[in-house]
Amino acid sequence: MAVADAVSPGPASRPPLQPERWRAQGRDMTARLNSWREILATTHLRFDVRATYRTPGRFQGAVTRQPIGDLMLVDCAASPFLGHRGRSIITGSADGLNEDVIGFQFVGKGVELVREGGRELALKAGDVVLWDGMEPTEVEIVEAFYKRTLLFPREQVVAVCPRLAELRALPSLDGNGT
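Below, the structure is looked at part by part. (Residues numbered from 1 in each chain as written. Predicted model: local features only at pLDDT ≥ 70, side-chain atom pairs only at ≥ 80, totals over all residues. Heavy atoms only, no water.)

Overview of the overall build of the protein
- For the protein, the helix and strand inventory stands at four helices and 10 strands.
- Counted from the first residue to the last, the protein has its helices and strands arranged as α-β-α-β-β-β-β-α-β-β-β-β-α-β.
- Classification of the 178 residues of the protein by burial places 40% in the buried group.
- Of the contacts formed within the protein by residues at least 6 apart in sequence, a portion of 69% connects residues at least 24 apart.
- Approximately 10100 Å² of the protein is accessible, and the part contributed by carbon and sulfur atoms is 56%. (Helix = DSSP H or I, 4+ residues; strand = E, 2+ residues; numbered from the N terminus. Buried < 20%, exposed > 50% of the residue type's maximum accessible area, 1.4 Å probe, protein only. Contact = heavy atoms within 4.5 Å. Areas by Shrake-Rupley, 256 points an atom, 1.4 Å probe, with all protein chains shown as cover.)

Next up, the structure:
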């Protein structure tokens, strides 16, 4: 028997999963923002999404998501908009979506204002931040942006760093990603 015949293919020999892709669609702004709300709920967290005076008449948003074991690597680009995630949205997650995640986010382009707990951050290209999916949050995309986020299941993060389970609002990571 040849060595190749005695070895069964393992996980390393499986082809990697292909990335999933979404793009906001619709004929008008309302339809496109509703599409974007659904995309965010599927790929990140549920948000109430609204236009601001900065939102262009033809809102654009796209997400690519790649699983890495139990983690998700999510690339997101969008026109300006406002997203609100209040306590009612967080506690109303009876549809089976697992939103109990910690995000490690890198901003590649644009400006994002984040209000979470007692902090307000203006994130710009090169900034990194940790965020908690179970905290009420408001995000306002001020300029067209691109960000990359690594989503971790909370139980895995807390197993490695129990101190993070006690924080109400995660601290900003000072400096930048370079």
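Section: the pattern of salt bridges
- With the rule as written, the count across this model stands at 11 salt bridges.
- The partner of Asp48 in a salt bridge is Arg50, and the shortest N-O contact between them spans 3.5 Å.
- Residue Asp48 is classed as partly exposed on the basis of its relative accessible area, which comes to 32%.
- Under the relative-accessibility criterion, Arg50 is labelled partly exposed at 40%.
- Taking the shortest distance from any N to any O, the salt bridge between Lys124 and Asp127 comes out at 3.6 Å. (Salt bridge = Lys/Arg side-chain N within 4 Å of Asp/Glu carboxyl O.)

Section: the side chain of Thr149
- With respect to the secondary-structure elements, Thr149 resides in strand β9 (residues 137–153).
- The exposure class of Thr149 is buried, given its relative accessible area of 0%.
- Once residues within four sequence positions are removed from consideration, Thr149 is found in contact with Met72, Leu73, Val74, Gly103, Phe104, Gln105 and Trp131.

A look at the environment of Ile141
- Tracing the sequence through the fold places Ile141 in strand β9.
- A relative accessible area of 0% means that Ile141 is categorised as buried.
- When the C-alpha positions of Ile141 and Ala122 are compared, they lie 9.8 Å apart, and in sequence the two are 19 residues distant.
- Beyond its immediate chain neighbours, meaning those up to four positions away, Ile141 contacts Ala78, Ser79, Pro80, Phe81, Val111 and Glu112.

Topic: the environment of Val63
- Considering the arrangement of structural elements, one finds Val63 in strand β3 (residues 61–68).
- Along the primary structure Val63 and Ala77 are separated by 14 residues, whereas in three dimensions their C-alpha atoms are 6.5 Å apart.
- Look past the residues within four positions of Val63 in its chain and what remains in contact with it is Glu20, Arg21, Trp22, Trp36, Ile39, Thr43, His44, Val74, Asp75 and Cys76.

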